Amino acid sequence: QVQLVESGGGLVQPGGSLRLSCAASGSILRINVMGWYRQAPGKQRELVANIAAGDIGNYADSVKGRFTISRDYAENTVYLQMNSLSPEDTAVYYCNAELVTMNFKHLEPWGQGTLVTVSS
C-alpha cells in the first residue's frame, strides 16, 4: 500500500509565505513525478506545479515566480515553497505522485489535502 501524507497548510496573511510538504511511503520502487494540485471552493482541481527526474519544475502561470517545487529523492518527499501569497491562492492543496510499486504496478495516488487560507 502506498500513502501520501501532506503537511504545512494553514492561515497566512496576504504577502506571506508557507511551505507544504508531502511524504510518500509504502512499497515504492520508483517515483517518476511528484506534484501539487489545488482546488478552490466552487472550482475544479488544477495543477499548481510538478517535478520529474532532473529537478525541472513545471508551474501554472498563476504561480510562476512565486512558488518553488523541490524534491528529496532519498526521502520520497516533495515540497512547495509558496511566497507572496494572495487570497486567490486560498484552496485545498493536494499532493499527487506517478509511481511504480515493488510489484511493478503503476499508481497515481493522492494525498488527503491540506487547507491553505490567505486572509487578513
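The coordinates are above.
Fair warning: this is a prediction, and the values are worked out from it, not measured in the lab.

(A) A look at the environment of serine 86. Checked against the element boundaries, serine 86 lands in the loop between strand S8 (77-82) and strand S9 (91-101). Considering only alpha carbons, one finds serine 86 and threonine 117, 31 residues apart in sequence, at a separation of 9.2 Å. Ignoring anything within four residues of it in the chain, the contact list for serine 86 reads Arg66 and Val118.

(B) Focus on the packing of aromatic side chains. This model, assessed by the stated rule, comprises one aromatic pair. Measuring from ring centre to ring centre gives 5.0 Å for tyrosine 37 and tryptophan 110, while their planes differ by 65 degrees; the resulting arrangement is edge-to-face. In this pair, tyrosine 37 is assigned in strand S4 (residues 28-39) and tryptophan 110 in the loop between strand S10 (106-107) and strand S11 (114-118), connecting sequence segments 73 residues apart. Judged by its relative accessible area of 23%, tyrosine 37 falls in the partly exposed class. The residue whose ring lies beneath arginine 19 is tyrosine 79, and the NZ or CZ to ring-centre distance is 4.0 Å. When the ring centre of tyrosine 94 is taken as reference, the NZ or CZ atom of arginine 45 above it lies at 3.7 Å.

Criteria and thresholds
- Residues numbered from 1 in each chain as written.
- Predicted model: local features only at pLDDT ≥ 70, side-chain atom pairs only at ≥ 80, totals over all residues.
- Heavy atoms only, no water.
- Helix = DSSP H or I, 4+ residues; strand = E, 2+ residues; numbered from the N terminus.
- Contact = heavy atoms within 4.5 Å.
- Phe/Tyr/Trp six-rings, centres within 6.5 Å; stacked < 30°, edge-to-face > 60°.
- Buried < 20%, exposed > 50% of the residue type's maximum accessible area, 1.4 Å probe, protein only.
- Lys NZ or Arg CZ within 6 Å of the ring centre and 35° of its normal.

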